[in-house]
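Listed below, chain by chain, are the residues.
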Amino acid sequence: MVEFIQQLPALIGVIVGALGSYLAITRGDRARFQREQAARWDERRLTVYGDYARVVKQAVTLTYRVAAHLGNDPHPHPLTPEEAAPHLAEAAIARDPAGEALLMLGTPDVVDKARVWVLTVVEMERFLRAGTHDPDAWSVLLDRQRTTREGYYQAVRRDLALPPGHSGRWRLPSADGA
């Protein structure tokens, strides 16, 4: 019994060490799991954000082309409203499931910015459905669309902790090449 009492501190040390190791490993595994889980959700949100941007941008590109046909935009590939109608309908239909995924996984800030962007695009579509020929009014709509798109991308970058990105505003060369 005396030998057991003499070895008791060593035995207690082994038990405390084993318990400490178990707790450290468990805590580390939990932290790793949470990091991996967060990374998976970030990847999913990035996919949803990109898909939403792609379907909205399809509609934007179609509006540029119709606006060119109506004399409002310099897009090099004009499209008549009749030719664009089925494509615009497809773009609107594609926006619905992309928007639902955005509502499910997006942060409130990103969803709010997406709403502002898409409402601007819907206004552009209405402008064209009315057959309006007003390049100045169209230019105002384009600027607003670019600003709201930029706001959406900034919100996405903030949500995903990405560095600031490009505004997407390209300076086109003038007709004289300067």
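Just above sits the structure.
Q: Mind showing me how you'd approach unusual backbone geometry here?
A: One can expect most non-glycine residues to show negative phi and most peptide bonds to be in trans. Backbone geometry places A161, a non-glycine residue, at a positive phi of 55°. By relative accessible area, which is 69% here, A161 ends up exposed.

Q: Help me understand the nonpolar core in this model?
A: One recurring pattern in soluble globular proteins is that nonpolar side chains are buried together. One finds Y52, L102, W138 and Y152 to be the most contacted residues of the largest nonpolar core, which totals 34 residues. Those elements giving two or more residues to this core turn out to be α1 (2-69), α2 (81-105), α3 (108-129) and α4 (135-159).

Q: Looking at this structure, I do not really get the packing of aromatic side chains. What am I missing?
A: Two measures describe an aromatic ring pair: the distance that separates the ring centres and the angle between the ring planes. On inspection of all chains with the given rule, the structure shows 5 aromatic pairs. Summarising the aromatic geometry, the rings of Y52 and Y152 are spaced 5.9 Å apart at their centres and angled 50° between planes, so their arrangement reads as tilted. Of the two residues, Y52 sits in helix α1 while Y152 sits in helix α4, which places them 100 residues apart along the sequence. With respect to burial, Y52 and Y152 carry one shared label: buried. Both rings, one in Y152 and one in Y153, keep their centres 5.6 Å apart while their planes meet at 55°; by these two values the pair is tilted. For Y153, a relative accessible area of 29% puts it in the partly exposed group. Among the aromatic side chains, those forming a connected cluster through ring pairs are Y52, W117, Y152 and Y153. Taking the ring centre of W41 as reference, the NZ or CZ of R44 above it sits at 4.8 Å.

Parameters and conventions
- The numbers attached to residues start from 1 for each chain and follow its sequence in the written order.
- Only residues with pLDDT of at least 70 get local features here, since the model is predicted, and only at 80 or more are side-chain atom pairs given and counted; chain-wide, interface and lining totals rely on the full set of residues.
- Computation of side-chain values: all heavy atoms of the structure, hydrogens and water removed.
- For every residue, the accessible area obtained with a 1.4 Å probe (protein chains only) is divided by the maximum for its type, and the residue is called buried under 20%, exposed over 50%, and partly exposed between those limits.
- Each nonpolar core is a collection of buried residues, namely Ala, Val, Leu, Ile, Met, Phe, Trp, Tyr and Cys, held together in the definition by side-chain atoms within 4.5 Å.
- The way it works is that DSSP assigns letters per residue, a run of H or I at least four long becomes a helix, a run of E at least two long becomes a strand, and they are numbered from the N terminus.
- A pair of aromatic rings is counted whenever rings of Phe, Tyr or Trp (Trp by its six-membered ring) have centres within 6.5 Å, and the orientation is called stacked for planes under 30 degrees apart, edge-to-face for over 60 and tilted otherwise.
- In this analysis the charged atom, NZ for Lys or CZ for Arg, is taken to sit over a ring once it is within 6 Å of the ring centre and within 35 degrees of the ring normal.

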